[in-house]
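What follows is each chain in one-letter form.
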Amino acid sequence: MLALGVGCGAPKTSVTEVWQAPSPVTPRMKTLLVFGVRVDEPNRRAIEDTFVADLSRYGVKAAQSYVLFPGELPPIDRARAMVNEQHYEGILVLKMRGVHEESRYVPGSYGGFWHGYYGGWGYYGTPGYVVTDKTVIFEATLWDLRNDDKLVWTARTETLNPSSGSEFATSLTRGVNPALVRAGFLPPRPKD
């Protein structure tokens, strides 16, 4: 699903919209449970694994939801009890919202006007072509379990032309986690 295979180089995720709950104090979170939703199982694991690994670089103890909840999710009361037993301070949910496709024409290159003058005499060049860009749209939400399970932060992201689930997941962390630092929910990442 995320292996879209268009474009060159590593994809870049842009955080396009952010909302944060009004609050006088925003305590940083030290423990998080990460959920990847509305994606297939391999992409869910890629997203959750990548976020957990990256969050550790911020000093945050995080865990994948697929480890806590293998297979089908349990009933809500049991799921809540399982999360509470682990003492998570927050839940980070990364939800696929859709894929937007847009075609564009890339003009060819030609050898200048006079090379094609008089019906192609001495003409050379390469033809134009159509490229379809795919933008993967995700929503990231952060829920504060210390504060009655309230939604405290949300962001909309766009990633242009990811070529694999793992590349996409890496790009998503590079967009979302720094935004969580700016919002005060994560400590700054130490220099590598």
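Residues numbered from 1 in each chain as written. Predicted model: local features only at pLDDT ≥ 70, side-chain atom pairs only at ≥ 80, totals over all residues. Heavy atoms only, no water.

### Quick notes on the overall build of the protein chain
Formally: Counting from the N terminus, the helices are DSSP H or I runs at least four residues long and the strands are E runs at least two residues long. Categorising residues by exposure relies on relative accessible area from a 1.4 Å probe, with only protein chains included: less than 20% of the type maximum marks a residue as buried, more than 50% marks it as exposed, and the intermediate range marks it as partly exposed.
Looking only at helices and strands, one finds five helices and eight strands in the protein chain. When the helices and strands of the protein chain are read in sequence order from the N terminus, they spell out β-β-α-β-α-α-β-β-α-β-β-β-α. Across the 192 residues in the protein chain, those meeting the buried criterion constitute 43%.

### Details of helix H5 (residues 165-183)
What counts, and what does not: A helix's residues, less one, multiplied by 1.5 Å, set its expected span. Contact criterion: two residues are considered in contact whenever any of their non-hydrogen atoms come within 4.5 Å of each other.
Here H5 is 19 residues long and its end C-alpha atoms lie 27 Å apart, about the 27 Å a rise of 1.5 Å per residue gives. Burial in H5 covers these residues: Gly165, Phe168, Ala169, Ser171, Leu172, Thr173, Gly175, Val176, Asn177, Ala179, Leu180 and Ala183. Against strand S1 (13-20), helix H1 (41-56), strand S4 (90-106), strand S7 (129-144) and strand S8 (150-160) lie the buried residues of H5. Just beyond H5, the residue with positive phi is Gly184, at close to 95 degrees.

### Section: the pattern of salt bridges
To keep it simple, the criterion reads: Salt-bridge detection follows one rule: a side-chain nitrogen of Lys or Arg within 4 Å of a carboxyl oxygen of Asp or Glu.
Enumeration according to the criterion identifies 13 salt bridges in this entry. Between Asp54 and Arg57 there is a salt bridge, with its nearest N and O atoms 3.4 Å apart. By relative accessible area, which is 7% here, Asp54 ends up buried. Note that Asp149 and Arg80 form a salt bridge whose closest N and O atoms lie 3.9 Å from each other. Residue Asp149 is located in the loop between S7 and S8, and its partner Arg80 is located in helix H3 (residues 76-86); the two are separated by 69 residues in the primary sequence. By relative accessible area, which is 42% here, Arg80 ends up partly exposed. A cluster of three or more residues bridged by salt bridges with shared partners is formed by Glu41, Arg44, Arg45 and Glu48.

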